[in-house]
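Per-entry structural report
If you want the building blocks of each chain, they are given just below.
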Amino acid sequence: MKASETDILLIPGVGAPHPDHWQNRWSARLGTARRVEQASFTQPDRDAWIETIRKAITEAERPVVLVAHSLGIGAALHALDGAADKVAGGFFVAPPDLTLKGPRKKIFETFGPYPNAPLPFPSITVASQNDIHGSYEHAGDVANAWGSFLVDAGNSGHIDIDSGHGPWPEGTMVFAQFLSRLKPRA
């Protein structure tokens, strides 16, 4: 598929989206990409996030490609109920461990658990070896459960602004290759 043949939904995680974050850069460069806006990125409401994403999927006019980062992955996967038939592919970046102890434990727990079954569309999961919000092994486990191809991003932190990933050219290349191999769902 070409980008022009899809509705690319960019689904951020928790925190105010930084203007230089790679998702915002992709939104500016890809004509059919748009960021799914939530009422609050700093105080995420699981049910509201899921409903907003589900609505964006069902209102799409072309096959949907989900591009979710961090906590946005959990919300996107839960939003598939009743909307998965419109999704042609998923590109999941830095899946957090929703059971991990830490400062965002309560927020992460509310978005879990992840679905533990193969997804009905092709997907790629990009994970870092030193992500503070989840281990590479955890990312491998969830990618395996989803039937997702796991891409090792090396020591890339959480693949966000704080870890130096504004433009993220490597991600752009992996996404372009993934998109070129997708086919519309019958």
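Numbering of residues begins from 1 in every chain and follows the order in which that chain's sequence is written. Whole-chain, interface and lining totals are the exception, using all residues; otherwise, since this is a predicted model, local features are given only for residues with pLDDT of at least 70 and side-chain atom pairs are given and counted only at 80 or more. For side-chain calculations, the full set of non-hydrogen atoms in the structure is used, while hydrogens and water are omitted.

**Here we look at helix 3 (residues 71–78)**
- A large share of helix 3 lies buried, amounting to eight of its eight residues.
- Only protein chains enter the accessibility calculation, which uses a 1.4 Å probe; a residue whose area is less than 20% of its type maximum is buried, one above 50% is exposed, and one in between is partly exposed. In DSSP terms, a helix is any run of H or I states spanning at least four residues, a strand is any run of E spanning at least two, and both are numbered starting from the N terminus. Among all positions of helix 3, only Leu71, Gly72, Ile73, Gly74, Ala75, Ala76, Leu77 and His78 are buried.
- Against the buried residues of helix 3 lie strand 1 (7–11), helix 2 (46–59), strand 3 (64–69), strand 4 (87–93), helix 4 (105–110) and helix 5 (136–146). Note on contacts: a residue pair is in contact if any heavy atoms of the two residues lie within 4.5 Å.

**Some points on the pattern of salt bridges**
- The working definition used for a salt bridge is a side-chain nitrogen of Lys or Arg within 4 Å of a carboxyl oxygen of Asp or Glu. All told, the structure shown has six salt bridges when counted by the stated rule.
- In this structure, Arg46 and Asp47 form a salt bridge, with 3.8 Å as the shortest nitrogen-oxygen distance.
- By relative accessible area, Arg46 is classed as partly exposed at 24%.
- Assessed through its relative accessible area of 55%, Asp47 is described here as exposed.
- Of the charged contacts in the structure, one is a salt bridge between Glu51 and Arg54, with a shortest N-O distance of 3.2 Å. Of the two residues, Glu51 and Arg54 are both situated in helix 2; the distance of three residues between them amounts to about one turn of the helix.

**Remarks on the nonpolar core**
- Among buried residues, the Ala, Val, Leu, Ile, Met, Phe, Trp, Tyr and Cys ones that are joined through side-chain atoms within 4.5 Å form a nonpolar core. Core analysis: the largest hydrophobic core is formed by 34 residues, its most contacted members being Ile57, Leu66, Leu77, Leu80, Phe92 and Trp146.
- For this core, the elements supplying multiple residues, two or more each, are strand 1, helix 2, strand 3, helix 3, strand 4 and helix 5.
- Residue contacts for Phe92: discarding those within four places in its chain leaves Leu66, Ala68, Ile73, Leu77, Leu119, Phe121, Ser123, Ile124, Thr125, Val126 and Trp146.
- In terms of nonpolar packing, the next biggest core, distinct from the first, is built from 21 residues, Ile8, Trp26, Ile124 and Phe175 among them.

**Topic: the side chain of Ser70**
- Its place among the elements puts Ser70 in the loop between strand 3 and helix 3.
- The class for Ser70 is buried, based on a relative accessible area of 3%.
- Ignoring any residue separated from it by four or fewer positions in sequence, one finds Ser70 in contact with Gly13, Val93, Ala94, Pro96 and His158.

**Some thoughts on the pairing of strand 1**
- Counted residue by residue, strand 1 has five buried out of five residues, so it is predominantly covered.
- Residue alternation in strand 1 divides its side chains into two sets, Asp7, Leu9 and Ile11 and Ile8 and Leu10, and both sets are buried.
- Here a strand pair is declared whenever DSSP counts at least two bridges between the two strands. Both strand 1 and strand 3 contribute to a ladder of five bridges, which runs parallel. Among the inter-strand pairings, Leu10 is bridged to a residue of strand 3, identified as Val67.
- Pairing of strand 1 with strand 2 (residues 33–35) involves three bridges; the strand directions are parallel. When the sheet's bridge partners are listed, Leu10 is paired in strand 2 with Arg35.
- Handedness of a crossover is defined as follows: with both strands directed away from the viewer, a clockwise route from the first strand across the helix to the second makes it right-handed. A crossover connection joins strand 1 to the parallel strand 2 through helix 1 (residues 22–29); in handedness this β-α-β unit is right-handed.

**Here's the deal with the layout of surface pockets**
- Each cavity reported here is a set of points on a 1 Å grid over the protein atoms alone in which a 1.4 Å probe fits but cannot get out, each pocket an open set with protein on both sides within 12 Å along at least five of seven lines, and each lining residue one with an atom within 4 Å of a point. Grid points are joined across faces, edges and corners, and a volume is the space filled by probe spheres set on the points. Size it by volume and the largest pocket reaches roughly 420 Å³.
- Taken together, 22 residues line the largest pocket, and the ones lying closest to its centre are Val14, His69, His158, Asp160 and Asp162.
- Among the residues forming the lining of the largest pocket, the class breakdown is six nonpolar, 12 polar and four charged. Nonpolar residues are Ala, Val, Leu, Ile, Met, Phe, Trp, Tyr, Cys and Pro. Charged residues are Asp, Glu, Lys and Arg, and all others, Gly as well, are polar.

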